[in-house]
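Letter by letter, the chains look like this.
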Amino acid sequence: MTAASLESLNLANSKLTVVGAGSVGTSIAYASLIRGSARQIALYDIDAKKVEAEVHDLSHGTQFTPTSVVTGGADISVAKDSSVIVITAGARQKPGQTRLELAGVNAGIMTKLVPDLLEQAPNAVLVLVTNPCDVLTVVAQKVSGLPVSRVLSTGTLLDTSRLRWAIAQRAGVSLSNVHAAMFGEHGDTEFPIWSSASIAQIPIRDWTDLDGNRVFSEEVLASIAHDTVHAAYSIIEGKGATNYAIGLAGARLVEAILGDQRKIWPLSSVLTDYRGVSGVALSVPSLVGPAGIQRVFEFPMDAHEIGMLNKSAAAIRSTLQAIGY
């Protein structure tokens, strides 16, 4: 993306702050840098030595990127006047640990962190990546007092990418031909919307191979769903964290917000009477823009999928009650 492209996307004066200089935060900063997702990128972390090293490393590559301004440090003032703040700070998910088990400690971090960030950037859109992101989206919205539209998380955006990749691999087609999504919690109760999933407008259950055999039996669909839900656990077991794919997803979301690209993706925000669900954050089709979530859509679901949505809501609600929210 060229400097001229940045101007055309209304990014000329945009600023992204990434909170947390761990593997996820630095991956989001790096992906945003090389994609030109914002004019300015700031990185904040309480570990001064680590964050300063990361900022220098990123800055030294700006000769080769659309974005040329990278700042950061251990003083929260580096977030001043940000347009978007992506929060990745928090305790890391350990092998075998569910996202919801992280809730208590990370909710405490958000309670202190979010008001401090908004003192520096009162007009920013907050994007939660720290897990459990759905729970923390509710916490951040309550602590901040912001409209629900300005507090969101990446939710199942990455899970949807994982799902589509798996389908494309199985069908032997370009990923761009796959239309499918994961809804609900970014975690163990998330679920695919098979009732409307398709490949090049062909319902997924009708897709056949060259011999006319159905490729996606119910058993295959169940296997793909299971592998999608558990993808992060296997990656964490192998390398300690998931970072590259969420880095790309986060950067892409940032530029869609700042560039007002009118993208509709499964993103998590606090819902109000969404198929009867209120007061919890879950991923549903959401139109994003410079002010955050501009609209959520009541996507067609069959009875099983509605039941799964309610199961996700119950899981999030139970955790919120357990931690006092």
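Novice: What should I look at first to understand the overall build of the protein in this one?
Specialist: From N to C terminus, the protein includes ten helices and 14 strands. In terms of overall dimensions, the protein is globule-like: its C-alpha atoms have a radius of gyration of 19 Å, near the 20 Å expected for 325 residues. Taken along its principal axes, the extent of the C-alpha atoms in the protein is 60 × 45 × 35 Å. For the protein, with 325 residues in total, the buried portion stands at 54%. A gap of 3 Å separates the mean positions of the 25 positive and 29 negative side-chain charges of the protein.

Novice: Please clarify how the layout of surface pockets should be interpreted in this entry.
Specialist: It is a probe the size of a water molecule, rolled over the atoms, that shows where empty space is left. Roughly 810 Å³ of volume is contained in the largest pocket. When contributions to the lining of the largest pocket are tallied by element, the ones reaching two or more residues are helix H2 (23-35), helix H4 (103-120), helix H6 (157-171) and helix H8 (231-239). Per-element tally for the lining of the largest pocket: the top contributor is H4, with five residues. Each residue belonging to the lining of the largest pocket can be placed in one class, and the counts come to 18 nonpolar, 15 polar and seven charged. Its volume calculated, the second largest pocket comes out at about 440 Å³. Taken together, 16 residues make up the lining of the second largest pocket; nearest its centre are Leu 157, Ser 161, Ala 249, Arg 252 and Trp 265. For the lining of the second largest pocket, the elements supplying multiple residues, two or more each, are H6, strand S7 (178-179), helix H9 (244-258) and strand S12 (264-270). For the lining of the second largest pocket, the element with the highest residue contribution is H6, accounting for five residues.

Novice: When you look at the sheet that holds S7 in this model, what are you seeing that I'm missing?
Specialist: Strands belonging to one sheet form pairs held by backbone hydrogen bonds; the direction of such a pair is parallel or antiparallel. Read across the sheet, three strands follow the order S7-S10-S11 without closing on themselves; strand pairing throughout is antiparallel. The sheet is open, and its two edges are formed by S7 and strand S11 (202-203), each paired on a single side. Bridge count between strand S10 (residues 198-199) and S11: two bridges; the pairing is antiparallel. Looking at the pairing, Ile 199 lines up with Ile 202 of S11.

Novice: How should the side chain of Thr 88 be read in this particular structure?
Specialist: Relative to the assigned elements, Thr 88 resides in the loop between strand S4 (84-87) and H4. Under the relative-accessibility criterion, Thr 88 is labelled buried at 14%. A distance of 2.7 Å separates a polar side-chain atom of Thr 88 from the backbone oxygen of Val 19. Look past the residues within four positions of Thr 88 in its chain and what remains in contact with it is Val 18, Val 19, Gly 20, Val 24, Gly 25, Ile 28, Val 129 and Thr 130.

Novice: Which parts of the structure should I look at to understand the confidence of the model for the protein?
Specialist: For any part of a model where pLDDT is low, the fine detail of the predicted coordinates should not be relied upon. In the predicted model, the protein carries a mean pLDDT of 94, and the fraction of residues at 70 or more is 96%. Ignoring residues within four places in sequence, the model shows residues 1-9, a span with pLDDT below 50, making 17 contacts including any to other chains.

The rules we used
- Residues numbered from 1 in each chain as written.
- Predicted model: local features only at pLDDT ≥ 70, side-chain atom pairs only at ≥ 80, totals over all residues.
- Heavy atoms only, no water.
- Helix = DSSP H or I, 4+ residues; strand = E, 2+ residues; numbered from the N terminus.
- Rg over C-alpha atoms; globule rule 2.2 N^0.38 Å.
- Buried < 20%, exposed > 50% of the residue type's maximum accessible area, 1.4 Å probe, protein only.
- Lys, Arg positive; Asp, Glu negative; His and termini not counted.
- Charge placed at Lys NZ, Arg CZ, Asp CG, Glu CD.
- 1 Å grid on protein atoms, 1.4 Å probe; cavity = no way out; pocket = protein on both sides within 12 Å on 5 of 7 lines; lining within 4 Å.
- Points joined across faces, edges and corners; volume = space filled by probe spheres on them.
- Nonpolar A, V, L, I, M, F, W, Y, C, P; charged D, E, K, R; others polar.
- Pairing = 2+ DSSP bridges.
- Polar contact = N/O pair within 3.5 Å; in protein donor to acceptor, adjacent residues only side chain to side chain.
- Contact = heavy atoms within 4.5 Å.
- pLDDT = per-residue confidence, 0-100.

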